[in-house]
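# Structure assessment
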Amino acid sequence: MLLNGDCPEGLKKEERAAELSRENGLDEAEPGEETTGQEVIVIQDTGFSVKILAPGIEPFSLQVSPQEMVQEIHQVLMDREDTCHRTCFSLHLDGNMLDHFSELRSVEGLQEGSVLRVVEEPYTVREARIHVRHVRDLLKSLDPSDAFNGVDCNSLSFLSVFTDGDLGDSGKRKKGLEMDPIDCTPPEYILPGSRERPLCPLQPQNHDWKPLQCLKVLTMSGWNPPPGNRKMHGDLMYLFVITAEDRQVSITASTRGFYLNQSTAYHFNPKPASPRFLSHSLVELLNQISPTFKKNFAVLQKKRVQRHPFERIATPFQVYSWTAPQAEHAMDCVRAEDAYTSRLGYEEHIPGQTRDWNEELQTTRELPRKNLPERLLRERAIFKVHSDFTAAATRGAMAVIDGNVMAINPSEETKMQMFIWNNIFFSLGFDVRDHYKDFGGDVAAYVAPTNDLNGVRTYNAVDVEGLYTLGTVVVDYRGYRVTAQSIIPGILERDQEQSVIYGSIDFGKTVMSHPRYLELLERTSRPLKILRHRVLNDRDEEVELCSSVECKGIIGNDGRHYILDLLRTFPPDLNFLPVPGEGLPEECSRAGFPRAHRHKLCCLRQELVDAFVEHRYLLFMKLAALQLMQQKASRLESPTSLENGDSPSSESKPEDPPGPEAGSEEEEGGSASGLAKVKELAETIASDDGTADPRSREVIRNACRAVGSISSSAFDVRFNPDIFSPGVRFPESCQEEVRDQKQLLKDAAAFLLSCQIPGLVKDCIDHAVLPMDGATLAEVMRQRGINMRYLGKVLDLVLRSPAREQLDHIYKIGIGELITRSAKHIFKTYLQGVELSGLSAAISHFLNCFLSSYPNPVAHLPADELISKKRNRRRRNRPLGAADNTAWAVMTPQELWKNICQEAKNYFDFSLECETVDQAVETYGLQKITLLREISLKTGIQILLKEYSFDSRHKPAFTEEDVLNIFPVVKHVNPKASDAFHFFQSGQAKVQQGFLKEGCELINEALNLFNNVYGAMHVEICACLRLLARLHYIMGDYAEALSNQQKAVLMSERVMGIEHPNTIQEYMHLALYCFASSQLSTALSLLYRARYLTLLVFGEDHPEMALLDNNIGLVLHGVMEYDLSLRFLENALAVSTKYHGPKSLKVALSHHLVARVYESKAEFRSALQHEKEGYTIYKTQLGEDHEKTKESSEYLKCLTQQAVALQRTMNEIYRNGSSANIPPLKVRPPPSALRTRVEVGFSVLLFKINNSLSWLGIDKYSRW
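A brief look at the structure comes next. Because the structure is predicted, anything quoted here is derived from the model rather than measured. (Residues numbered from 1 in each chain as written. Predicted model: local features only at pLDDT ≥ 70, side-chain atom pairs only at ≥ 80, totals over all residues. Heavy atoms only, no water.)

## Let's talk about the sheet that holds strand β5 (residues 115–120)
Taken together, the five strands give an open sheet; going across it, the order is β2-β1-β5-β3-β4, and neighbouring strands pair in mixed fashion. Bordering the open sheet on either side are β2 (60–64) and β4 (96–97), each of which pairs with just one other strand. Across two bridges, strand β3 (residues 89–93) lies against β4 in antiparallel orientation. From the neighbouring strand, H92 faces β4, where its bridge partner is M97. Relative to the sheet, helix α3 (residues 70–79) contacts β1 (48–53), β2, β3 and β5, its axis offset from that of β3 by approximately 120°. (Pairing = 2+ DSSP bridges. Helix = DSSP H or I, 4+ residues; strand = E, 2+ residues; numbered from the N terminus. Contact = heavy atoms within 4.5 Å. Axes fitted to C-alpha atoms, helices over the stretch in contact; angles between N-to-C directions.)

Given below as structure tokens:
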């Protein structure tokens, strides 16, 4: 698959990658281009095959790659069907043992055809434990319970249920059979117009999950650990097993292997029992004593290896399922052991005890990064440590809230307690010691950790050598927010006052600075647009900073320079920060701003700052170009009056703003030459070589002043994050700079309202973005720098838009998001007052009040329990949040919905017109199942997979048995694979220019690099596979397209969720490639699945549904199911007309498709009617001479002829009765034409990537 570029092309690629990094200003030390050609080729060193000799099986060949480690061959052997039961072995080459951690290329004498011998090694206690764990994993390999329970990075995938196994093989097998009759009728709930929204089909039963019972029990024996005399005989531990035949046996794990002993449950006898069989593998021993085990284990492993690897590989971060079926709780020794030892982040394969997370996180950042292999190694290490740290921090945060960790200050009030577990520091999101008193108290303390995390994410991305941040994870669990941080060496041994040498610990009263910190932070100031500035401390001395005052600098005992408390990295949002005596621009006051928010930590997003600076840069270029042209005109003695150019339109909103040296690509044709001169001039003046004439300097100076640049000779807009910070004072000498900075902040607040929000609404009207649920709407808002607190303003603008009808889906999603976010805020404080024993009752009661039509649900708790809870609460000083939650059990639906409406008004400034859930559903066209999904995902609730009768007025929808679990909601840093990303972008650019082969080659290299950094599973790899599949499809290689898209679907299900909008898109693309490979029934199954998921996630009335129904209709037309096809195509026509307008070309295509089906049914009058509609649209939109219009005109003639021929035939029948001579009708949907129409339907032939959207996370929801 991997295509090696020749050297010059390789050079060009790396040059492009380096150029991108330099433009972003993030990485000063880019590698020289001359090393690059070899680097790319090193990464793709060709593999070779070796022969493996293992005991008891035939020798086999294995393909390996030189940069693999010996350990990776171990992993392959532990996964193979015939060697999977071995864990404790070494590999020998010519009698020499290979080191586990050495790379294959460094092994002397290892080459094509070498023979590696598998040698069984003696066990230790650790190795025996690993072996038992591995056998347990093999026995559970088809069991989805770990995925439902959200354990060990397992997650769900259901693609194989709809494709009947692996598409690659079955595609070849099935091709000939596809024309056999197939049942195309979908279940009733999938048909257009159905009101039913069942939940059970979300997780269809996979036949492979029916357990094949190999053993009844495998557990640790109560006789552990072995007594001293048995240790000296080599006993390591004892196991207790009940076989499927009900035979109870006791097994000794010794240094030489496993054997039966004579112990029973009550009598210890370690002597070997008969048969006296010693086996190096536990599986071989169990094969000897249990025929059922032998038979079932073989079948199980065969099934396991038949599954696609992507169904089995662990994901980098845990994905939780919000629904799960009822499952039996089985005995599991490994799970039990993990629970009681709580694993403390102690990894089986890492020597030593608990991990020093801080040292690991910082050491990986210090790895060299001079060339591509070094950078890949560094990024891989950073990513691995981050995902491990996130998993350990999540486990620790849950242990803290569940009360399983002792506080380091146990005598303090609960909410003030702090914890250390596994070298991670945990604190709760409450305002301890009135630290945030002036900023909003507990509310500010709750929001500060996420702001801090955003700061950590940003500084990590800039990646300045010598500047260190803490590992940070924010976990929301059971109504509490927990911040988990790695620990700076030495910080716990001294007071904060002694430690901080830069910044302020009291919000600006005492402020310190440090030359080394200034030097390091100066290097971040350009990419982060942060202004170096001076403030006054409590002794009125000037102190220079290059960050906000809250940002603290601490030098750890390891000598590293750490920065922490990065909650004010970005400038304040003045729309939500009323300042006495400071007025906002007219755009803000017109929209009702400033509004007091609950806390004073509202910041602008980094995306907004970047978009604003880019907007100012375009303005700067236009102003300078205008002045230059006026100067030129005045020289030609035709002076014109100087005008200040209008600010550029709101359409210019690039997501990744280039620096001053990039950016004139976006200008319109007329002024392009003038702008090119400005660019040249700006560069000349910036280089300060004295060649620019004074008048030109004046032009640049004027333009700089007009756009608020801090330099008068070059464009440079930066923000002072301390402006409007309570308690921060500035020196008298800086008053002018402060005034300019205040104005800049006001302009940025106005820019958000006047450009970004209208731009978002325009993109929605144009269908440039197609959110389908709350998460995707939040994502498109954030990519434009619009915080979620502006959701009410977005909805107001949608309501006032002239295209209100075409924004119906956005309005529904927005209202649903507003309701569920308001409910989440209430649920958070509601849960804080609930003890563990009442959790499922409390959650089911809340869901009943939120979603059930039952008018007066009652919490199922005995009265005395309620009383004792109140008494306990007073005594134990539990944190209650702002509200009095002692009466959670008497909450009513009326009260909850009143609170939701109040919360929506207070937080989002939006008035909801509903008093109950039924009114909300009716007024706004919402679905209860969708609201249930949204609230569950936002709060971590997992509910039982069954059909809920939300609308019953006789009984509540939920009982406490329906609430299965509550999971944490985790926010963390996502380290990026920068080189791979640059290759991916270069590949996208090539594809856009029409160079598909070169683009495909670059994207293959990107995929290789992504795999190198992230491992096999990641969101970015998913995007890479999707694009590769599209390219192969367009180049006609359907088999390759199918293979890549199958991986993309599996990966999307595993890393994003089985019903995530991205997964729905992937299903649709896979259906197209199946159709192209003549797998019609599979294509239909996939399309029906995509339609069901869309109905569940949003409902029927979504623009995406038109595309989906067109595709279903076309495939049904292809298999001659005309009536069914019409139902879907007519629904698609109705949805297209609503969202694209009756004169849209999409509507014309829909009319044409409907006409084709009517023609096939020989209903020519209806066919003519629809084709005429289509023809009229083509003629109006494209003109009479356009190819489409001509095609439609031809088709109309053809239909008319057929209609006339049919009429003649009918007349003939009326005249001559049954003896009439009836000519055959020419009804002809040729397969090639059908394929073309499907392709048009799938919008793949219109091949373009939306350039204004940067890739990851943005074009996930856009279309080509």
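## Topic: the pairing of β1
Note that β1 and β2 share five bridges and pair antiparallel. Across the sheet, residue F48 finds its bridge partner in β2, namely V64. Linking two consecutive strands that pair antiparallel, namely β1 and β2, is a turn of six residues; a positive phi of about 80° is found at G56 within it. Relative to β5, β1 runs parallel, the two sharing three bridges. Residue pairing in the sheet places I52 in a bridge with L116 of β5.

## Describing the pattern of salt bridges
Two side chains that carry opposite charge are able to pair once their charged atoms sit near each other. Inspection of the entire model under this criterion finds 74 salt bridges. Linking D763 and R784 is a salt bridge whose minimum nitrogen-to-oxygen distance equals 2.9 Å. Taken together, the residues span a long stretch of sequence, with D763 in helix α22 (residues 735–765) and R784 in the loop between α23 (774–783) and α24 (791–800) at a distance of 21 residues. For the residue pair D763 and R784, the accessibility class agrees, reading buried in each case. Overlapping salt bridges bring together D773, E817, R821, R933, E934, K938 and E1059 as one network. (Salt bridge = Lys/Arg side-chain N within 4 Å of Asp/Glu carboxyl O. Buried < 20%, exposed > 50% of the residue type's maximum accessible area, 1.4 Å probe, protein only.)

## A short note on the packing of aromatic side chains
Using the criterion set out here, one finds 36 aromatic pairs in the structure. Consider the rings of Y238 and F268, whose centres lie 5.5 Å apart with planes at 65°: the pair is edge-to-face. Of the two residues, Y238 sits in strand β7 (residues 235–243) while F268 sits in the loop between β9 (257–261) and α9 (282–289), which places them 30 residues apart along the sequence. Under the relative-accessibility criterion, F268 is labelled partly exposed at 27%. Summarising the aromatic geometry, the rings of Y830 and F846 are spaced 5.1 Å apart at their centres and angled 55° between planes, so their arrangement reads as tilted. Here Y830, found in helix α25 (residues 808–832), pairs with F846, found in helix α26 (residues 839–851); they are 16 residues apart in sequence, far enough to count as distant. By relative accessible area, Y830 is classed as buried at 2%. One aromatic cluster in this structure is built from F317, F383, F984, F1010 and Y1014. Over the face of the ring belonging to F60 we find R80, whose NZ or CZ atom lies 3.7 Å from the ring centre. (Phe/Tyr/Trp six-rings, centres within 6.5 Å; stacked < 30°, edge-to-face > 60°. Lys NZ or Arg CZ within 6 Å of the ring centre and 35° of its normal.)

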